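Summary of structural features
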Amino acid sequence: MARLRSGHKTQEEKELKGNEESKDKQIKRSLSCSQLMFKIIKNTIVVVVCIYLASPIISLLFPGAITQVIFLNLFGKRWFSDDLSYPESAAINCTGTRNLYIDSTDGVKLGTWQVLPVSVQEKSNNRDDDFFDQVLADGKPIVIYFHGNAGTRGWGHRVDLYKDFTGLDYHVVAVDYRGFGDSEGWPYPEGIFSDALATINWVKARSKASPVYLWGHSMGSGVAARVSKRLCDAGTCPAGVILETPFSSLHDAFMHHPFAIPFWVMPGYLWLHAYAMNDTIEAFHSDQCMSSILCPILILHAEDDAIVPFHLGQKLYKIAKEVRPESAGPVKFVNFGRNGYGHKHICDSPELPAIMKEFIV
C-alpha cells in the first residue's frame, strides 16, 4: 500500500515538474519574441533617424527625391487610390461628373473632372460630351480647383469641397497636375503652372461670359497665386481668387513644417535642405504675386492648422493689403478658429457656404 502511494506521489511530482518546465519554455519563448520585437523596433527607429539626419545630403545627391519631399505625387497614383475614370462610382461618389483628359501646353495629358451644379444635374439625364462643354456657358460661376500636394482630385476632403460648390449651383473643374493621379509626366514647378494655365484656357474656351474663379488649397494656393499673377499681367484676371490654408512662400512653409522642427537645433541643416530645394521653393512665392493680382482675393485659414501655420496665412494677407494698388479688388481674411478643421477640413465648416456665396457672385 505504501509502495502504491509512493508511486502515485512520484507520478504527481513528475507531472508537476513537467508543468513547470513547460511554463519555463513558454516564458522563454515569450521573452525571445519580445526581445526580437524590441530589436526590430529599435533597428527601424535607428534607420529612420539616420535617413532623417542624412536627408539634406540625400536631397543634394539625388535631386529627384526633392520632388517627392515637396509634391508627394506618388501617393496619388493608381495603386494608392480609386479609379479616377469613374468619379460617380460608390467608392468616390462624386455625382454629376465627367472624367476627361486635357492637353497641357506641352501635350501632357491631364486627368480632369468637370462637376455639374446641382440644378443642372437634376434637370438633365442626357449628358454627353457636347452637353458638358456647352453647359459651362450657362452663366453660373465656374470654380477651377487646384489641390495641394499628395493625393488626387478624387481624395475625400476634395470631393467634399466639390459638393459644397455644386450645392451652391457652381460648376467645378478639378485637375491633377502632371505626375499626379492618372495624369502623364512628372511634376516640376513650371510644368505645374503650365498645367494650371492649360486648364484655365480650356475652361475659358467654353465658358463665354460665365465668371471663372480660381481656388487653391495649400500648395495649390501657390499655383493659384502664380497663374493669377500671369493672367492679370496679361489683362485677363479671373473673377476672383480663393486661397485656402495658404503660405506666404514655400520657403516659409518648409521652415515651419512639423518635419523641419528637429532641424531647428541642428546648425546648417535647414539651410542645406533649402539649398537643395532652392529651384522648387523659389517658384512658389505667393507673397511676390500679390501686387499683380488685381481681382478680389479671399484667404481662408484655421488656427489649428498643423501643416501650414496660421500665421503664414496672416502674413500673406498683410502683404496683400500693403502692396496691392487701391484700384485692386478687396482682399478678405476669414479665421476658422480652433474647431478641428486643421489643414484640410475647412470644407466641413457650416459657415463656409455663406462665405462662398458672399464672395462668388
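Placed above this text is the structure.
**Observations regarding the sheet that holds strand β2 (residues 109-115)**
Strands sit in the order β1-β2-β4-β3-β5-β6-β7-β8 across an open sheet of eight strands; the sheet is mixed. Each edge of the sheet is formed by a strand with only one pairing partner; in this case those strands are β1 (97-103) and β8 (331-335). Averaged over all neighbouring strand pairs, the angle between strand axes comes to 20°, with direction disregarded. Sheet topology note: the strand β5 (residues 212-217)/strand β6 (residues 240-244) ladder contains five bridges and is parallel. Paired with W215 across the strands is I242, a residue of β6. Across the sheet, helix α6 (residues 189-207) lies against β1, β2, β3 (142-146), β4 (171-175) and β5, angled at about 165° from β3, the strand it touches most. Where helix α12 (residues 352-359) meets the sheet, it contacts β5, β6, β7 (297-301) and β8, and its direction lies at approximately 165° from that of β7.

**Some words on the packing of aromatic side chains**
This structure, assessed with the given rule, holds eleven aromatic pairs. Both rings, one in Y145 and one in Y162, keep their centres 5.6 Å apart while their planes meet at 75°; by these two values the pair is edge-to-face. In this pair, Y145 is assigned in strand β3 and Y162 in helix α5 (residues 156-167), connecting sequence segments 17 residues apart. Here Y145 and Y162 have matching classes, each one buried. Three or more aromatic residues joined by ring pairs make a cluster, and in this case those are F71, F193 and F284.

**What to know about helix α7 (residues 219-233)**
The end-to-end C-alpha distance of α7 is 22 Å, a good match for the 21 Å that 15 residues give at a rise of 1.5 Å each. Within α7, 13 of the 15 residues are buried, leaving the element largely enclosed by the surrounding structure. Remark: G235 follows α7 within two positions and exhibits a positive phi of approximately 80°.

**Regarding the nonpolar core**
Counting residues in hydrophobic clusters, the biggest one holds 51 residues, and the most contacted among them are F146, F284 and M290. Considering every element that reaches this core, the biggest residue donor is α6, with seven residues. Each residue touching F284, except ones within four places of it in the same chain, is listed here: F71, P189, F193, M219, G222, V223, F247, S249 and L250. Residues W113, Y145, F165 and A174 belong to the second largest nonpolar core, which totals 31 residues.

**A closer look at α12**
Listed in full, the buried residues belonging to α12 are L352, I355, M356 and F359. Taken end-on, α12 shows its buried residues confined to a sector of 95°, consistent with a single buried face. Those residues of α12 that are exposed and angled more than 90 degrees off the buried face are A354, K357 and E358. Against the buried residues of α12 lie α5, β5, β6, β7 and β8.

Calculation criteria
- Residues numbered from 1 in each chain as written.
- Predicted model: local features only at pLDDT ≥ 70, side-chain atom pairs only at ≥ 80, totals over all residues.
- Heavy atoms only, no water.
- Pairing = 2+ DSSP bridges.
- Helix = DSSP H or I, 4+ residues; strand = E, 2+ residues; numbered from the N terminus.
- Axes fitted to C-alpha atoms, helices over the stretch in contact; angles between N-to-C directions.
- Contact = heavy atoms within 4.5 Å.
- Phe/Tyr/Trp six-rings, centres within 6.5 Å; stacked < 30°, edge-to-face > 60°.
- Buried < 20%, exposed > 50% of the residue type's maximum accessible area, 1.4 Å probe, protein only.
- Expected span 1.5 Å × (residues − 1).
- Core = buried A, V, L, I, M, F, W, Y, C linked by side-chain atoms within 4.5 Å.
- Arc of directions from axis to C-beta.

Worth remembering: the numbers are spatial, not functional.
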